[in-house]
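# Examining the three-dimensional arrangement
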Amino acid sequence: MATASNGESPVHWNEALERARKFAPFLERMEARYPEITARLGAGLGDEAWALAMRAGDEGATVSQSLRWRRGAVALVTAVADLSGAWDFGRVTRTLSDFADEAIEAALAAAFAERFPDEEQRGFAVIALGKHGSRELNYSSDIDPILIFDPQTLPRRAREEPVESAVRLARRMTEILSARDGDGYVFRVDLRLRPSPEATPIALPVEAAISYYESMALGWEQAAFIRSRMAAGDRALGEYFLQAIRPFIWRRSLDFGAIDAILDISRRIRDHYASGQAFGPGFDLKRGRGGIREVEFFAQVHQLIHGGRNPDLRVGATRDALAALACAGVIGEDVANRLDEAYVLFRTIEHRLQMVDDRQTHELPGDAAALANVAHLHGLADGDALLDLLRPQVAWVGSNYDKLAPEMEEERLSPEPERLIDQLAEMGFPQADAAAGRIARWRDGSARALRSASAREALEELLPALFAGLAKAPDPMAALNRLDDMISRLPSAINFFKLLAARPVLVTMLVTILSHAPVLADDLSRRAELLDGLIDASALEPIPELDALIDWLGRGEAGDDYQLLLDRVRQKVGERRFALGAQIVCGAVDPLEVGRGYGRLARGAVEVLGRATVTEYARTHGMVSGGELVIVALGRLGGGVLTHASDLDLIYLFTGDYRTESDGAKPLGATQYFNRLAQRIGNALSVPTASGPLYEVDTRLRPFGEQGLLAASLDSFARYQQDDAWTWEHLALTRARPIFGSQAGREAVQQVIDAVLQVPRDPVELTKQAVKMRGMIAAHKPPAGPLDIKLAEGGLVDLEFLVQVTQLSRRVAFDPDLGASIRALAADGLLPADLAGAHDLLTRYLVVSRLVSPGSTEPPEATRPLVAARCGADDWGHLLAMLDEARQSVARSWGAIVASVPTEEE
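Notes on the structure follow. (Residues numbered from 1 in each chain as written. Predicted model: local features only at pLDDT ≥ 70, side-chain atom pairs only at ≥ 80, totals over all residues. Heavy atoms only, no water.)

### Concerning helix 17 (residues 383-402)
Using the following cut-off: Comment: elements are numbered from the N terminus, with helices defined as DSSP H or I runs of at least four residues and strands as E runs of at least two. Take the residue count of a helix, subtract one, and multiply by 1.5 Å to get its expected span. Bend at a residue means the angle formed by two fitted axes: the first through the 7 residues ending at that position, the second through the 7 residues beginning there. Throughout, exposure labels follow a simple rule: accessible area from a 1.4 Å probe, protein chains only, divided by the maximum for the residue type, with under 20% read as buried, over 50% as exposed, and the rest as partly exposed. As used in this structure description, the phrase polar contact means that two N or O atoms lie within 3.5 Å; if the pair is within protein, one of them must be able to donate a hydrogen and the other to accept it, and residues adjacent in sequence are counted only when both atoms belong to side chains.
Counted at 1.5 Å a residue, the expected span for helix 17 with its 20 residues is 28 Å, and the 28 Å between its end C-alpha atoms agrees. The largest bend along helix 17 reaches roughly 30° and is located at Leu 390, with the proline Pro 392 sitting one to four residues downstream. Of all the residues in helix 17, the buried ones are Gly 383, Leu 386, Leu 387, Leu 390, Gln 393, Val 394, Val 397, Gly 398, Asn 400 and Tyr 401. Where helix 17 begins, the side chain of Asp 382 points an oxygen toward the backbone nitrogen of Asp 384, at a separation of 3.2 Å.

### Things to note about the nonpolar core
Cut-off, in case you're wondering: For this analysis, a nonpolar core means a set of buried residues of the types Ala, Val, Leu, Ile, Met, Phe, Trp, Tyr and Cys, connected via side-chain atoms within 4.5 Å. Any pair of residues with heavy atoms lying within 4.5 Å of one another is described as a contacting pair.
With 157 residues, the main nonpolar core has Trp 442, Phe 467 and Leu 879 as its most contacted residues. Sequence-distant contacts of Trp 442, that is, excluding residues within four places in its chain, are made with Leu 450, Arg 456, Leu 459, Leu 463, Phe 467, Leu 480, Leu 483, Asp 484 and Ile 487. Residues Leu 76, Ala 166, Phe 283 and Leu 386 belong to the second largest nonpolar core, which totals 98 residues.

### Some remarks on the sheet that holds strand 3 (residues 124-128)
Rules: A strand pair is defined by DSSP finding two or more bridges across the two strands. The angle between two axes is taken between their N-to-C directions and runs from 0 to 180 degrees, where each axis is a line fitted to C-alpha atoms and a helix contributes only its stretch in contact.
Read from one edge of the open sheet, four strands run 7-5-3-8, paired in mixed fashion. Each edge of the open sheet is held by one strand with a lone partner, namely strand 7 (203-205) and strand 8 (229-233). Put simply, the sheet's adjacent strands are angled 35° from each other on average, direction ignored. With four bridges connecting them, strand 3 and strand 8 associate as antiparallel partners.

### Comments concerning the packing of aromatic side chains
We apply this condition: Any pair of Phe, Tyr and Trp rings, taking the six-membered ring for Trp, is counted once the centres come within 6.5 Å. Such a pair is stacked with planes under 30 degrees apart, edge-to-face with planes over 60 apart, and tilted for the rest.
Counted by the stated rule, this structure contains 17 aromatic pairs. Between Phe 704 and Tyr 720 the ring centres are 4.6 Å apart and the planes differ by 65°, which places this aromatic pair in the edge-to-face class. Residue Phe 704 is found in the loop between strand 11 (697-698) and strand 12 (711-713), and its partner Tyr 720 is found in helix 32 (residues 714-723); the two are separated by 16 residues along the sequence. Look at Phe 704 and you get exposed, because its relative accessible area is 52%. Judged by its relative accessible area of 5%, Tyr 720 falls in the buried class.

### Examining the packing of helix 2 (residues 25-33) against helix 5 (residues 63-84)
Formally: The sense of a crossing depends on the near helix, which, turned anticlockwise from the far helix by less than a right angle, makes the crossing left-handed and, turned clockwise, makes it right-handed. Residue polarity is assigned by list, with Asp, Glu, Lys and Arg as charged and Ala, Val, Leu, Ile, Met, Phe, Trp, Tyr, Cys and Pro as nonpolar; anything else, Gly included, falls into the polar class.
Running from amino to carboxyl end, helix 2 crosses helix 5 at an angle of 115°, the nearest separation of the two axes being 10 Å. With respect to the hand of their crossing, helix 2 and helix 5 are arranged in left-handed fashion. Contacts between helix 2 and helix 5 involve Phe 26, Leu 27, Met 30, Glu 31 and Arg 33 on the former and, on the latter, Trp 69, Arg 71, Gly 72, Ala 75, Leu 76, Ala 79 and Leu 83. Each residue belonging to the contact of helix 2 with helix 5 can be placed in one class, and the counts come to eight nonpolar, one polar and three charged.

### Structural notes on unusual backbone geometry
The phi angle at Arg 159 is positive, at roughly 60°, despite the residue not being glycine. Within the secondary structure, Arg 159 sits in the loop between strand 5 (146-149) and helix 8 (162-178). A residue is classified by how much of its surface remains accessible, and Arg 159, at 82% relative accessible area, is exposed. Residues other than glycine seldom take positive phi values, yet Asp 358 does so here, at roughly 55°. By secondary structure assignment, the location of Asp 358 is in the loop between helix 15 (333-357) and helix 16 (368-378). Take Asp 358: its relative accessible area is 10%, and that puts it in the buried class.

### Details of the pairing of strand 5
A two-sided burial pattern is seen for strand 5, the buried positions comprising Ile 146 and Ile 148 on one face and Leu 147 and Phe 149 on the other. Summarising the sheet, strand 3 and strand 5 pair through four bridges and their orientation is antiparallel. Counted as the bridge partner of Phe 124 is Phe 149 from strand 5. Where strand 5 and strand 7 come together, three bridges link them in parallel fashion. Paired with Leu 147 across the strands is Ala 203, a residue of strand 7.

What follows is the structure, encoded as structure tokens:
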């Protein structure tokens, strides 16, 4: 035990480590990954542990790998120092923010060196905003920078415009920070705080940015820049920009527009997250009434009012701002102290929430066990103790914030609020007052798309049908929030609203998506242009076959570069994935066919991005004579049927002699060549770009798992499968399908796979190992509920094990398509014929449920009729009976396999 830096309380390093291991799976992994750092922390040597953390990743093969490794070490030391009491809240957030600066600087330098190896870094600056800007960064947080460049000084290549050079630098820097692999990521980067993000490049010319903020910026942007500072890059450029826009931030005359913008944001948050406003399990610590945002907004409103005339109030950090406001007599010292105390508590518990799984979450768990887990991590007895700790502070902060502008809140209501509320209540809207407030703001023209009188008139025609439909949604306010998000992103709404008014079927379709398909609704709220497919019915057209799909995905404009291709493929895949989901929700296509469409879409993306990456990579490193990369799909992708949220299980192999060297300007040995190429393709498939994410890629099924090379030679893969592979790896291989590479390369890989699958096996030992593995899965990942159609007894996992054991023991009917394998085995009399129908029903339910209830195995009550209909049932009760019959069929056959395994006594 040691003493904290403030000398007031003891530091319990080992107790903190134990709590981290026991209650935070992410920290448990970090302790295992960094044993030397963990040992120093256990010995109370916090400074030595920090020094080791700062050197972690020095041996990384790339800047990105090095930063990811260091980020894990920083996360471990920061968390344990926080949990132990060695570091106070201020030091924790400053440390996280300073590491973000260092990471951005390193990523920018690496991107610059790649593009301009002989040039001095200049002409590009990163401006930090939000909690990063105020050095109050969360434990697991996005960073929200503004990127600016000077067209006169930024280096660029021949025939390259300055903006093209800046955007490519920005994309590469973002990729280095955001790319995920087995070591995690560095930081999620959100570039949407720049002016008009839907229309502007991700990096802005400095004079254009200054001109925008001087003449066109909105009130919320003024408030956002209270917490701005120079973070990385050309410091002179960044400081010039911040100095130039200072009059925009700190205005001597009182700016009611900016203040109103903050209060309006607060009102919207309270409406938008209505389900997280009531204190208790599920409460949103950030956005809930009386939460973190209301402390921050309280300070910022007073800063905007008084900061133009008092420079002492121009500070970024919330706690510093509260202290400065109290010192200046703007707020009472008791108010400042109470808000500071609440803010530290809220942010500390927020950190605990994020430490558990390294997720950017702000909500107290709704599940009692999960809430208790967070309480234990904080050192409390149970979830009730955590709620008791937070409750008085939340109540006081909310009450204090309510005093800011009650008159304004009243003025925001419709001229006839009671009538509107009654009307919505009659429709069945459960939160009629909140919905009425939303309509009132639309009528006021708050949204850009509704600023014209004609647009608001067109909206009026739709309101009765829209709200009557939304009132029947499982969560009406959530559906209304999604509609609001969608409207806020429309540049103009008049034509869209008039079209909907003229075609009621489209209103029904839109309301169905908003109400019953949160995944699609969220996509729609982010990309309103997806509506185009609904308007012209193209969303309901069948997805093309693979060859036509590949041609469509790869089609572009002359002169498109690799980065533009990455964006274009993401846009097209997003459009098609949305269209496939709409087909399910609208009942246009059998969910099994939609699942196959998801599979073809993923294969098309792998082919197009794989080809493009090989070509781009060869520009620098050439080709390896006699060798090529072959990508093998396993799991659902191998079987050809995905869900909306499926990740891609891939293995990378290469053919040819591993001793060969590539023939490019920067030659590499074959093993290094193909491993780097595989990593590039994985990034092309998974790293978010300005057009959003694509797929999660899982490569853990490769030889030797996460300890093995990302790409193995075909010869070493064959030897591994013959000599070292576990039984479960051979089971997984039954669903392997080569999906990328030349015909000859795929055939060579398939021959190896076929040879492995045809090896004679001891049926008893095979069955014993399979049953053991299924038991381990059940113990490690139990079903989430009775309708967990994958993991519950008689579910899809049992069915897969049943099919795979039968295939390997009999050496027949090998087909990656699980349904086709079942039908072939049934035709040979090796499995009951009814298992084919059971497979189809269970798969339909999986595909539909992943779309309509992604966070649960059981859909909301209002959505159950839709799910039943899409699965071919008359109603929900009929579907439950059908599912029960299907699972019993699977359980009987798999149970017979389990029963055949002799016990140890036998």
